[in-house]
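What follows is the residue order along each chain.
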Amino acid sequence: MGQTREFKTEVRQLLDLMIHSLYSNRDIFLRELVANAADAIDKARFESLTRPELAREWAIRLSVNKADKTLTISDNGIGMTEAEVVENIGTIAKSGTKAFLKMLEEKGDKENVPELIGQFGVGFYSAFMVADRVELTTKQAGTDAPAVRWSSSGEGEYEIDTAVREEPGTEIKLHLKGDAEVYLESWKIGEIIRKYSDFIEYPIILPEVKVNDDKTETVTDRVLNSQKAIWLRKPSEITDEEYKSFYSHLSNFGGTEYLKAIHISAEGVSEFKALLFLPKEAPFNLLMPEIQKKGLQLYVRRVFITDECKKLLPDYLRFVCGVVDSNDLPLNVSREILQENPHLAKIEKTITGKVLGELKKLLENERDSYAAFFKEFGRVLKEGLHTDFANAEKLKDLVMYESMNSEPGKLITLADYVAAMPESQKEIYYITGEKREAVASSPALEYFRSKGYDVLFMTDPIDDWIMQQMFQYRKKNFKSIAKGDFEVEGAEETIKAAQEKFAKLVDFLKSILGEKVSEVRFSARLTDSPCCLITEGNALSPHLERLFKAMHQEVPESKRILELNPKHPLIEALFELQQKDEKAPELTAYAKVLFDQALLTEGSPLPDPAAFAREVTSLLLKGISVK
Ligand code: ADP
């Protein structure tokens, strides 16, 4: 005997929300129903392990009837008894319903209802977003409980009755609302399945009707999903082709070439499987924000949830693409709530550790590939030095730089640098600048070259920023050679002598250069050049100053120190000229040119290039006419 029963209050409130609001993302109803069907098959398949007579050719079938405007989703899974139907989708207000309503009340966030619903174990009701009547027929597998028919318009009541159905499983027929007829279209159904349920293990079949020339119809089964939950398979059983096609399906970068595939199978505190890829080539927009929008694809038990979850990977690993399939997260979690789920932090930690470990292996075993990878993605990876303190030491082992002693284009690690340090060298020296050519000709290198020390060339725009956080590597301090605060052995005597001998010249230079410099002094760091400019203490490096200016940011005016080379013939010549004729007009011109060429060698623009050219021309002319 059929019965009409009432939904419990909470269910009624929930259904009310489904029926009377118009949601922008209604597509997810199909994801929910297909996920339920797949779960039901999971359960039946599990039973069939001990009761082989229950085994079937597992499948989820969809069918549409355009005349009746119905969409049917059926599975040959575990099915339900009458009591289960009542309990699962009927009267008993599950705790999830209450929690869901409470959350809605608190958040007042109705637009997100479709996103939120599955999370609270009430996904079935999302069917009422698109249907004004839902009929469910089900028969439990492996028992002789009679089949059950449940139906409802979602308005307060449902009918329940016994039904006739031989095959175990569940069929859900949706009578689509007038504004939901798009869900009768096979392209739309295909689109949703491919988007959300592509990797469901069981075939999701939609019969395709073809009208033949003789007007007869041929119906063929079309499988909508690829079923390839490749990340759940053993790496040894996955072919290169499969990896490649999966990579190109995933990657924002295009192409099928990747550097490395990484499988993760985490158990214990957080259970998840992941298949990640290190890409080979950076896209042109690597540093632009749009590339950062997409994250790893998050699945929960093979059901696609989102690819916009930022919490699965730290930003500095954003070049990694792939799939994470969690066993712990609730199905269909909303994005906002997802971000707060504590499992994500555990997943992120595991993934970060694994990716850094793989990079290290790559560096150790395939140095050339790693260096090529680093040239593409190093500047992104380096951001981690500034943001991920927990992994700072691991990251320091992974960064690479060009250096004064290595040939152009060749990268060395900090470990390489330290290993090559002569015993007398105590610190790690570096210089920042735009490109190799610019830093390689800096006069500041001269002293280090003469000592046989190497200097790291840091030519990425973010290097200056990174170096503000990077103080040591293997207990050795980093020192910028463009800064004044380092000591040159045995220099004291020479400098003192020069300071005394050239005191008048120094005073003169100070008076001419005035505000442009904070100090003029002698140093022993130069061998070939007459002078160089350095910064001191916390002042911005000239490179960083240029960068900020290029970004139209306000930069505090930092004055440089002009350091003179006491052994340079030009200094000696200037001194002699001054001795001869203190008022010689060309002395002023020499002083200006000296300063400007120091600016040029550090890669800074001249404030007045025309004036510089004029001075140089007139000095050249004098030089020529003397001869
Ligand atoms: P959830 O799937 O998150 O538990 P739903 O509201 O979607 O929440 O479904 C409620 C319950 O109804 C499920 O847990 C399951 O026990 C049962 N159910 C739903 N669909 C099916 C189905 N196709 N076959 C068997 N049981 C089902």
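One can find the structure itself at the top, above this paragraph.
Residues numbered from 1 in each chain as written. Predicted model: local features only at pLDDT ≥ 70, side-chain atom pairs only at ≥ 80, totals over all residues. Heavy atoms only, no water.

(A) Expanded view of the sheet that holds strand 21 (residues 517–522). Strand order in the open sheet formed by three strands is 21-23-22, with mixed pairing between adjacent strands. Of all the strands in the sheet, just strand 21 and strand 22 (531–534) have a single pairing partner and so form its edges. Direction aside, the axes of adjacent strands within the sheet are offset by 20 degrees on average. Pairing between strand 22 and strand 23 (residues 560–564): four bridges, direction antiparallel. Paired with L533 across the strands is L562, a residue of strand 23. The sheet strands contacting helix 22 (residues 586–601) are strand 21, strand 22 and strand 23, and the helix crosses strand 22 at an angle near 60 degrees. (Pairing = 2+ DSSP bridges. Helix = DSSP H or I, 4+ residues; strand = E, 2+ residues; numbered from the N terminus. Axes fitted to C-alpha atoms, helices over the stretch in contact; angles between N-to-C directions. Contact = heavy atoms within 4.5 Å.)

(B) View of the sheet that holds strand 15 (residues 400–403). If you trace the six strands from one edge of the open sheet to the other, you get 16-15-18-17-20-19, paired in mixed fashion. Each end of this open sheet is capped by a strand with a single partner; those strands are strand 16 (412–413) and strand 19 (472–473). Examined bridge by bridge, strand 17 (residues 428–432) and strand 18 (residues 456–458) share three bridges and lie parallel to one another. Note on strand 18: the bridge partner recorded for T432 is M458.

(C) The state of the cysteines, seen in detail. If you walk through the whole model with that rule in mind, you get zero disulfides. Cysteine C532 remains unbridged, with the sulfur of C531 as its closest cysteine sulfur at 7.1 Å. (Disulfide = S-S within 2.5 Å.)

(D) How the structure looks around empty space enclosed by the protein. Going through the model one piece at a time under the given rule, you end up with three cavities of 30 Å³ or more. If you add up the space inside the largest cavity, you get close to 220 Å³. Contributing to the lining of the largest cavity are 20 residues, with I431, T432, S442, T601 and E602 lying nearest its centre. For the lining of the largest cavity, the secondary structure elements donating two or more residues are strand 17, helix 15 (436–440), strand 22, helix 20 (542–550) and helix 22. Ranked by residue count, the leading element in the lining of the largest cavity is helix 20, at three residues. Class assignment for the residues of the lining of the largest cavity results in 10 nonpolar, seven polar and three charged. (1 Å grid on protein atoms, 1.4 Å probe; cavity = no way out; pocket = protein on both sides within 12 Å on 5 of 7 lines; lining within 4 Å. Points joined across faces, edges and corners; volume = space filled by probe spheres on them. Nonpolar A, V, L, I, M, F, W, Y, C, P; charged D, E, K, R; others polar.)

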